[in-house]
Amino acid sequence: MTVKNCPECNQIFMQKQYDVCPECYQQDLTNFQKVRACIRETPAITINGISKKFNISLETLLRWRRSGRI
Ligand SMILES: [Zn+2]
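Please read these numbers as outputs of a predicted model, since none were measured by experiment.

A. Structural context of the overall build of the protein chain. Scanning the protein chain for helices and strands turns up three helices and two strands. For the protein chain, the succession of helices and strands along the chain, N to C, is β-β-α-α-α. Its C-alpha atoms give the protein chain principal-axis dimensions of roughly 35 × 20 × 20 Å. The 70 residues of the protein chain split such that 10% are buried. Long-range contacts, defined as pairs at least 24 residues apart, comprise 19% of the intrachain contacts of the protein chain with a sequence gap of at least 6.

Here it is in structure tokens:
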């Protein structure tokens, strides 16, 4: 378990399983599920396209990509 800054709100938290803090986790999960469904339907969509469509920051999308989630 490590102490780190939440990439979404910058709050310091103890990292267990997730890469965002407990306050951001639910929102992160909701967004992630929307994005994953969208990629399944439109595999050719770009990161930029997803960012605009769902109003999710590129930083968040790149974080998911880095961790292999999308
Ligand atoms: Zn947070």
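B. Representation of unusual backbone geometry within the structure. One non-glycine residue, N10, lies in positive phi territory at about 70 degrees. Here N10 shows up in the loop between β1 (2-5) and β2 (12-15). With 8 C-beta atoms counted inside 10 Å, the residue N10 sits in the exposed group. Look at N55: it is not a glycine, yet its phi comes out positive at around 55 degrees. Along the chain, N55 turns up in the loop between α2 (47-54) and α3 (58-66).

C. Spatial organisation of the pairing of β2. Of the strand pairs in this sheet, β1 and β2 are connected by four bridges, and their pairing is antiparallel. Considered in β2, the bridge of V3 is made with M14. Here β1 hands over to β2 after six residues, with N10 in that stretch at a positive phi of 70 degrees.

D. View of the environment of S57. Along the chain, S57 falls in the loop between α2 and α3. By the C-beta count within 10 Å, which is 12 here, S57 ends up exposed. Taking the C-alpha atoms as reference points, S57 and I47, ten residues apart in sequence, are found 9.7 Å from one another.

E. The packing of helix α1 (residues 22-41) against α2, seen in detail. Packing of α1 against α2 brings their axes to within 11 Å, and their N-to-C directions diverge by 125 degrees. One way to sum up the angle between α1 and α2 is to call them oblique. Considering how the two elements wind past one another, α1 and α2 form a crossing that is right-handed. Within the contact between the two elements, α1 uses N31, K34, V35 and C38 and α2 uses I50, K53 and F54.

Quick notes on the rules
- Residues numbered from 1 in each chain as written.
- Predicted model: local features only at pLDDT ≥ 70, side-chain atom pairs only at ≥ 80, totals over all residues.
- Helix = DSSP H or I, 4+ residues; strand = E, 2+ residues; numbered from the N terminus.
- Buried ≥ 20, exposed ≤ 12 C-beta atoms within 10 Å, placed from the backbone.
- Contact = placed C-beta atoms within 7 Å.
- Pairing = 2+ DSSP bridges.
- Axes fitted to C-alpha atoms, helices over the stretch in contact; angles between N-to-C directions.
- Parallel < 35°, antiparallel > 145°, perpendicular 65-115°, else oblique.
- Left-handed = near helix turned anticlockwise from the far one by under 90°.

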